[in-house]
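# Summary of the model geometry
What follows is each chain in one-letter form.
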Amino acid sequence: SHSIVKVIDKNGQQVGVNTPGELLIKGPHVCKGYYNNEAAFKETFKDGYFYTGDLVRFDEDGFYYVVGRIKDMYISGGENVYPGEVEKAIKDHHEIFEAVVVSVPDPKWGEAGFVFLKTDREFTINELREFLNTRLSRYKHPQYLKCLKELPLLANGKIDRKTLKQSAQGLV
């Protein structure tokens, strides 16, 4: 009666060590459905596994690390970019309180990162990219940036990514 965990790629194949994939869980603790939304539950529950929508990777010791959400991932220049990973690196900067990365269409790369920073001062994209040089591969660096005093929030207190994505597309 323990949890069974699997990490799969977009083709449904199990991934290896340090390769991001979707987290699937199976066991007696998994919910039996969504309240008043059986259709949505059927989409996330297949072959006895609950498809979490979370992107994770695991290391040689069996420790799991959340990389982000599948719906937030984008492809820039043929490479997968996980906004959660980029945001974590950006928040290492002592003058940045919060960072949200969304994708925008880009003629050269297909998609590119647009970062919204919650900070008390203006940053330039070059300044941010310089900070990220030792932390992230260049293809993961955002191409666009906007500084805000506050980020839009949903009623539950979470950051409103949808509004930020719409705003970003209007700014590029």
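Shown above is the structure to which this text applies.
Cut-offs used in this document
Residues numbered from 1 in each chain as written. Predicted model: local features only at pLDDT ≥ 70, side-chain atom pairs only at ≥ 80, totals over all residues. Heavy atoms only, no water. Phe/Tyr/Trp six-rings, centres within 6.5 Å; stacked < 30°, edge-to-face > 60°. Buried < 20%, exposed > 50% of the residue type's maximum accessible area, 1.4 Å probe, protein only. Helix = DSSP H or I, 4+ residues; strand = E, 2+ residues; numbered from the N terminus. Arc of directions from axis to C-beta. Contact = heavy atoms within 4.5 Å. Pairing = 2+ DSSP bridges. Axes fitted to C-alpha atoms, helices over the stretch in contact; angles between N-to-C directions. Core = buried A, V, L, I, M, F, W, Y, C linked by side-chain atoms within 4.5 Å.

## Brief notes about the packing of aromatic side chains
Applying the stated rule across the entire model yields five aromatic pairs. Seen from their ring centres, Tyr34 and Phe41 are 5.3 Å apart, and the 80 degrees between their planes marks the pair as edge-to-face. Given the relative accessible area of 33%, Tyr34 is considered partly exposed. Accessibility expressed as a relative area gives 9% for Phe41, which makes it buried. Their ring planes at 40 degrees and their centres at 5.5 Å tell us that Phe58 and Tyr64 sit as a pair that is tilted. Relative accessible area serves as the criterion here: at 17%, Phe58 is assigned to the buried category. An aromatic cluster is defined as three or more aromatic residues linked by ring pairs; in this entry it consists of Tyr34, Phe41 and Phe45.

## Quick word on helix α3 (residues 125–132)
Every buried residue of α3 is listed here: Leu128, Arg129, Phe131 and Leu132. End-on, the buried residues of α3 take up no more than an arc of 155 degrees, which puts them together on one face. Those residues of α3 that are exposed and aimed more than 90 degrees away from the buried face are Asn126 and Glu130. Considering only its buried residues, α3 is in contact with α2 (83–90), β8 (96–106), β9 (110–119) and β10 (144–148).

## Re the sheet that holds β8
Reading across the sheet, the three strands line up as β8-β9-β10 and stay open at both edges, with mixed pairing between neighbours. Each edge of the open sheet is held by one strand with a lone partner, namely β8 and β10. Across the sheet, the axes of successive neighbouring strands diverge by a mean angle of 20 degrees, strand direction being ignored. Alignment of β9 against β10, held across five bridges, turns out to be parallel. By the bridge assignment for β10, Lys118 is matched with Leu148. On top of the sheet, α2 reaches β8 and β9; it is set at about 140 degrees to β8, its chief contact. Packed onto the sheet, helix α4 (residues 161–171) meets β8, β9 and β10 and runs at close to 55 degrees relative to β8.

## Some thoughts on the nonpolar core
Residues Ile90, Val115, Leu117, Leu128, Leu132 and Leu145 are the most contacted members of the largest nonpolar core, which totals 17 residues. Looking at this core, the elements with two or more residues in it are α2, β8, β9, α3 and β10. Apart from the residues lying within four places of it in its own chain, the contact partners of Leu132 are Ala89, Ile90, His141 and Pro142. By size, the runner-up hydrophobic cluster in this structure holds eight residues, among which are Val100, Val102, Val104 and Ala168.

Just geometry here; none of it tells us what the structure is for.
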